[in-house]
Amino acid sequence: MSDNKYDVIVIGSGPGGYVAAIRAAQLGLKTACVEKWVSDDGKKVVNGGTCLNVGCIPSKALLDSSHKYHDAHADFEKHGISTGKLKLDVPKMLERKDKVVAQMSGGIGGLFKANKVASITGKGKLLAGKKVEVTTASGDVTVYEADNVILASGSVPINIPVAPVDPADNNIIVDSTGALEFSEVPKTLGIIGAGVIGLELGSVWSRVGSEVVCLEAMDSFLSIMDQQIAKESEKIFRKQGLDIRLSCRVTGTKIKGKKVDVIYLDKEGNEQTQTFDKLIVCVGRRPYTEGLLAEDSGVEMDERGSVFVDENCATNVPGVWAVGDIVRGPMLAHKASEEGVIVAERIAGQKAMMNYDVIPNVIYTYPEVASVGQTEEQLKSAGEEYKVGTFPFLAVGRAVAADSQDGMVKLISHAKTDRILGCHIVGPSASDLVQQIAIAMEFGSTAEDIGMTVFGHPTFSEAVKEAALAVNGHAIHMPNRKRKK
């Protein structure tokens, strides 16, 4: 096989792409991964895509830093801890975030070397006949051949005409990337969109002193989540100081000096104007496919601009696959990674499959919001018979001891079979607790199975067990509720 011929070429080294490349190499396939992102000095490739570099990882680093600051500022005293006058060093906080990102990105490069994945730097384009054209930043072009090509180019933030983000000066009106680089805490911060990204970024800057206003066009909060949990979450976030305004549609923005005026229609249809130091545009993401496909590649796109694939992530062109944010389904890093594994194993002749009904979704606020499976609204719409059990963290000893008693666990099971259909949590460690139910659902467990399992005491997990018991009226520690026989 020539140096320019591979069994598998992956375009994109984000969570879907780099995982697919590593798994393919583990299966004995000669594999290369193409990535156009390079360091500021242009000397080395930057692996990891949006998630690692300007998304999941840096935002979590800032969320953790801001949470520690908020704890020290507002909560240490009740634990008998005196800290004196606090000082926040924003540049140092950002420096730590950058170190975390660099460590993780470098780790992917190390994994590529360990698994003998060839790293190719440049922008990849799929040509006809499963050829991949790679163009470097200096304009050099090389064409590679492959038996299989995996498209994993990810997504980018959606820009809206009424609040344009200027890439040359991503400073006053910014996207989610720019919101990770504020050199100082903005006194006033506007956010267009109160979804996952808006809430996480709003939480970061609110905890360290910003007055945050979230302008959400939808008339319901977190419409993708179970609405009982969404309402509980909204109550908690409002108590924390986030000003969440629903049914507010932004119609225009005007930059005035170092501030921005935001014009919007409120829920009564009245025009309002508010001035902010910074404005973050968080209205979603779209598949990044610009320059990815040559006209004669033959790969079909769907009406949403995504690459069309079947249930196994195969496109209409034999030997061409696509995973992650550029295909149907939720734009989640873990979903992309699992699709990458599935595709690599299918290329190697295995019969791998993925259960799309059991994909956890998490919002990394504090407390966290997490879910897996179907919401109560989805089950009602489908006419499915179901039972619900809920349990508050206020009745969990570990949560009260940790001063983390806000929130609840909601478990839903089938009315006749008791098989678990979904779990929705707002509360401490929700991202980890929901995984317990994801595992249970993968094995077809019932609410009774969870209720009969011995959980450690005292733990946050006991809220999951009690919610499972509550499904059938058997919760032991349920406040103000009779226990069924």
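**Some words on the environment of Gln 228**
- Checked against the element boundaries, Gln 228 lands in helix α6 (residues 227–240).
- Given a relative accessible area of 33%, Gln 228 falls into the partly exposed group.
- Those residues in contact with Gln 228 that lie beyond four places of it in its chain are Glu 376, Glu 377, Thr 390, Met 408 and Lys 410.

**A short note on the sheet that holds strand β19 (residues 368–373)**
- Overall, antiparallel pairing links the five strands, which are arranged β18-β19-β22-β21-β20 in an open sheet. Looking at which strands have only one partner, the edges of the open sheet turn out to be β18 (361–363) and β20 (386–392). Taking each pair of neighbouring strands and ignoring which way they run, the sheet shows an average axis angle of 10°.
- Where strand β21 (residues 408–414) and strand β22 (residues 420–427) come together, six bridges link them in antiparallel fashion. Its bridge partner lying in β22, Leu 411 is registered against Cys 423.

**Some details on the pattern of salt bridges**
- Inspection of every chain in the model, using the stated rule, returns 24 salt bridges.
- Measuring nitrogen to oxygen at the nearest pair gives 3.2 Å for the salt bridge that ties Glu 200 to Lys 60. Of this pair, Glu 200 sits in helix α5 (residues 196–207) while Lys 60 sits in helix α3 (residues 56–75); the two residues are 140 residues apart in sequence, bridging distant segments of the chain.
- As a salt-bridge pair, Glu 339 and Lys 335 come within 3.3 Å of each other at their nearest N and O atoms. One end of the pair, Glu 339, and the other, Lys 335, are both in helix α7 (residues 333–347), four residues apart, so they sit about a helical turn from each other. Lys 335 matches Glu 339 in its accessibility class, with the two residues each being buried.
- Linked through salt bridges whose partners overlap, the residues forming this network are Asp 226, Glu 376, Lys 380 and Lys 410.

**Focus: empty space enclosed by the protein**
- Counted under the stated rule, the structure contains one cavity of 30 Å³ or more.
- Approximately 40 Å³ is the volume attributed to the largest cavity.
- Residue lining of the largest cavity: Pro 157, Ser 176, Ile 197, Val 281, Cys 282, Val 283, Gly 284 and Arg 285, and that is the complete set.
- The class makeup of the residues in the lining of the largest cavity is five nonpolar, two polar and one charged.

**Some details on helix α12 (residues 462–471)**
- Counting buried positions along α12 gives nine out of ten residues, so the element sits mostly inside the fold.
- Restricting attention to buried positions, one finds in α12 the residues Glu 462, Ala 463, Val 464, Glu 466, Ala 467, Ala 468, Leu 469, Ala 470 and Val 471.
- On its buried face, α12 is in contact with β20, β21, α10 (430–442) and α11 (447–451).

**Comments concerning the side chain of Ser 445**
- With respect to the helices and strands, the residue Ser 445 is situated in the loop between α10 and α11.
- Classification of Ser 445 by relative accessible area gives buried; the value is 15%.
- Setting aside its immediate chain neighbours within four residues, Ser 445 contacts Asp 418, Arg 419, Ile 420 and Ala 440.

**A short note on α3**
- Its 20 residues give α3 an end-to-end C-alpha distance of 26 Å, which sits within 8% of 28 Å, the value for a rise of 1.5 Å per residue.
- Among the residues of α3, Pro 58, Ser 59, Lys 60, Ala 61, Leu 62, Leu 63, Ser 65, Ser 66, His 67, Tyr 69, Ala 72 and Asp 75 are the ones counted as buried.
- In this structure, the buried side of α3 is in contact with α2 (49–54), α4 (90–114) and α5.

**Re the packing of aromatic side chains**
- This model, assessed by the stated rule, comprises three aromatic pairs.
- Geometrically, the ring pair formed by Tyr 6 and Tyr 144 is tilted, given 6.4 Å between the ring centres and 50° between the ring planes. One end of the pair, Tyr 6, is in strand β1 (residues 5–11); the other, Tyr 144, is in strand β6 (residues 141–151), and 138 residues separate them in sequence. Judged on exposure class, the residue Tyr 6 and its partner Tyr 144 are both buried.
- Ring geometry for Phe 221 versus Phe 237: centroids 6.3 Å apart, planes at 70°, classification edge-to-face.

**Describing the pairing of β1**
- Within β1, six of the seven residues are buried, which leaves the element mostly enclosed by the surrounding structure.
- Taken together, the six bridges between β1 and β6 define a ladder with parallel strand orientation. Counted as the bridge partner of Lys 5 is Glu 145 from β6.
- Inspection of the sheet shows β1 paired to strand β2 (residues 31–35) by four bridges, in the parallel sense. Counterpart to Val 10 in the pairing with β2 is Cys 33.
- Following the backbone out of β1, through helix α1 (residues 15–26) and into the adjacent parallel β2, one traces a crossover that is right-handed.

**A short note on the sheet that holds strand β10 (residues 211–215)**
- Across the sheet, which stays open at both edges, the five strands sit in the order β8-β15-β9-β10-β11 with parallel pairing between neighbours. Only two strands of the sheet have a single neighbouring strand rather than two, namely β8 (173–174) and β11 (243–245).
- The sheet contact formed by β8 and strand β15 (residues 278–281) spans two bridges and is parallel. When the bridges of β15 are listed, Ile 173 appears paired with Leu 279.

**Here we look at the environment of Gln 435**
- Within the secondary structure, Gln 435 is located in helix α10.
- Along the chain, Gln 435 and Val 358 lie 77 residues apart, while their C-alpha atoms are 9.8 Å from each other.

**Section: unusual backbone geometry**
- The step from Tyr 366 to Pro 367 runs through a cis peptide bond, and the omega angle for that step is 0°.
- With respect to the secondary-structure elements, Pro 367 resides in the loop between β18 and β19.
- For the bond from His 457 to Pro 458, the omega torsion is -5°, close enough to zero to count as cis.
- A positive phi angle, near 60°, is found at Lys 116, a position not held by glycine.
- By the element assignment, Lys 116 lies in the loop between α4 and β3 (118–121).
- Positive phi outside glycine occurs at Asp 418, with the angle close to 70°.
- Position of Asp 418 relative to the elements: it lies in the loop between β21 and β22.

Parameters at a glance
- Residues numbered from 1 in each chain as written.
- Predicted model: local features only at pLDDT ≥ 70, side-chain atom pairs only at ≥ 80, totals over all residues.
- Heavy atoms only, no water.
- Helix = DSSP H or I, 4+ residues; strand = E, 2+ residues; numbered from the N terminus.
- Buried < 20%, exposed > 50% of the residue type's maximum accessible area, 1.4 Å probe, protein only.
- Contact = heavy atoms within 4.5 Å.
- Pairing = 2+ DSSP bridges.
- Axes fitted to C-alpha atoms, helices over the stretch in contact; angles between N-to-C directions.
- Salt bridge = Lys/Arg side-chain N within 4 Å of Asp/Glu carboxyl O.
- 1 Å grid on protein atoms, 1.4 Å probe; cavity = no way out; pocket = protein on both sides within 12 Å on 5 of 7 lines; lining within 4 Å.
- Points joined across faces, edges and corners; volume = space filled by probe spheres on them.
- Nonpolar A, V, L, I, M, F, W, Y, C, P; charged D, E, K, R; others polar.
- Expected span 1.5 Å × (residues − 1).
- Phe/Tyr/Trp six-rings, centres within 6.5 Å; stacked < 30°, edge-to-face > 60°.
- Right-handed = clockwise from strand over helix to strand, strands pointing away.

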